[in-house]
Amino acid sequence: MINCNHIYYRYHKKQEWILDDFSHEFKAGIHLIKGFSGCGKSTLLRIMGGYLPADRGEVLIGEQQVKPGIDYWRRDLGFVFQQLNLLPLASVSRNLELAASLAGLSRKETKVRVSEYLAKLGLEGYEKRLPTSLSGGQQQRATIARALIKEPSVLLLDEPTSGLDDLNTELITKVLSDYISSGNRVAVICTHDSRLNGIADEILDFNQFLPVESHLVDLVNKNA
Ligand SMILES: Nc1ncnc2c1ncn2[C@@H]1O[C@H](COP(=O)(O)OP(=O)(O)OP(=O)(O)O)[C@@H](O)[C@H]1O
């Protein structure tokens, strides 16, 4: 459902490739991307989300090429950034309503879905709260509710459970797993969290795609 074809990327011309001829087909289901810090997981996710243009290669969603563009972002894509990005001056429900409105949902639909997704993520009663008044786990769940409210076919999540306790993590994994299995949908999740392994249809070890040994691996070996 998402095809990465021969993706190359580096942030600066003098840098080594961070992504060096990366190709993979992500079928409907949940895919975890693992790999050591700095190996390029978030970079790949940003390219798949159309936030960074690949230097070479292409990302296809079905037949369509992903390009930075408003339509894809608004309708088909749910992206959860590592830095959450909830609008700080808008209440929890307003954050969700704005995402729904950008995706073109009617007011009636929006109202139903705000209640539905806040309930699913255990945030009933928090509708009027500002994001800054929520705990880390609650913010993380609100961000996921905001990504799901437009019911996108593609969900990209960067470390959605990092730093969360087991209960928060269990709830998030259940919601994600139910959401993806209830339609022809695909989720790609960058994570170090082995608690997510149970819901994965595929686990990609990103280290194996790397052209060069990691500096970190060298350092660890040197200090061993
Ligand atoms: N905006 C940027 N400008 C220059 N280099 C960058 C930029 N963002 C990331 N990098 C570099 O690109 C490499 C890959 O970074 P990326 O964030 O994709 O790694 P990651 O695997 O997601 O790491 P982590 O698990 O720590 O989140 C790293 O060496 C990082 O320092």
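Thresholds applied
- Residues numbered from 1 in each chain as written.
- Predicted model: local features only at pLDDT ≥ 70, side-chain atom pairs only at ≥ 80, totals over all residues.
- Pairing = 2+ DSSP bridges.
- Helix = DSSP H or I, 4+ residues; strand = E, 2+ residues; numbered from the N terminus.
- Axes fitted to C-alpha atoms, helices over the stretch in contact; angles between N-to-C directions.
- Parallel < 35°, antiparallel > 145°, perpendicular 65-115°, else oblique.
- Contact = placed C-beta atoms within 7 Å.
- Nonpolar A, V, L, I, M, F, W, Y, C, P; charged D, E, K, R; others polar.
- Buried ≥ 20, exposed ≤ 12 C-beta atoms within 10 Å, placed from the backbone.
- Left-handed = near helix turned anticlockwise from the far one by under 90°.
- Near = placed C-beta within 6 Å.
- pLDDT = per-residue confidence, 0-100.

Under an unreviewed UniProt entry, the name given to the protein chain is ATP-binding cassette domain-containing protein, and the organism recorded is Persicirhabdus sediminis.

*Asks:* Quick question: what am I supposed to make of the pairing of strand β1 (residues 2–9) here?
*Replies:* Walk down a regular strand and you will see the side chains alternate between the two sheet faces. Across six bridges, β1 lies against strand β2 (residues 19–26) in antiparallel orientation. Bridged to Tyr 9 within β2 is Leu 19.

*Asks:* Even after reading the chapter, I still don't get the packing of helix α5 (residues 136–148) against helix α6 (residues 166–181), so can you show me in this structure?
*Replies:* When two helices pack together, their arrangement is given by the angle between the helix axes and by the axis-to-axis distance. Following both chains from N to C, one finds α5 and α6 inclined at 10°, their axes separated by 10 Å at the closest point. The pairing of α5 with α6 is recorded here as roughly parallel in orientation. For the pair formed by α5 and α6, the contact residues are Gly 137, Gln 140, Arg 141, Ile 144 and Leu 148 on the first element and Asn 168, Leu 171, Ile 172, Val 175 and Tyr 179 on the second. Of the residues contributing to the contact of α5 with α6, the split by class is six nonpolar, three polar and one charged.

*Asks:* Even after reading the chapter, I still don't get helix α3 (residues 92–102), so can you show me in this structure?
*Replies:* Buried within α3 are the following residues: Val 92, Ser 93, Asn 95, Leu 96, Glu 97, Ala 99 and Ala 100. Contacts from the buried residues of α3 go to α4 (107–120) and α5. Note on α3: the residue one or two positions beyond its end, Gly 104, has a positive phi of about 85°.

*Asks:* What am I meant to see in the packing of α3 against α4 here?
*Replies:* It is at 10 Å that the axes of α3 and α4 come closest, and there the two elements cross at 130°. By the angle between their directions, the pair α3 and α4 is classed as oblique. Crossing of α3 over α4 shows right-handed handedness. Contact residues: Ser 93, Leu 96, Glu 97, Ala 100 and Ser 101 in α3; Thr 110, Arg 113, Val 114 and Tyr 117 in α4. Broken down by class, the residue content of the contact of α3 with α4 amounts to four nonpolar, three polar and two charged.

*Asks:* Would you take a moment to explain the site of the ligand for this structure?
*Replies:* Close contacts around the ligand come from Tyr 11, Ile 18, Gly 35, Ser 37, Gly 38, Cys 39, Gly 40, Lys 41, Ser 42, Thr 43 and Cys 190, and that covers them all. Ranked by residues supplied to the shell around the ligand, first place goes to helix α1 (residues 41–48) with three residues. Its residues placed into classes, the shell around the ligand shows four nonpolar, six polar and one charged.

*Asks:* Sorry, what's going on with the confidence of the model for the protein chain here?
*Replies:* Any residue range with low pLDDT should be treated as having predicted coordinates unsuitable for detailed reading. Here the protein chain averages 88 in pLDDT, while 89% of its residues score no lower than 70. The model gives residues 211–216 a pLDDT under 50, and that stretch makes nine contacts with residues more than four places away or in other chains. Under the prediction, the complex receives an ipTM of 0.96, its pTM being 0.90.

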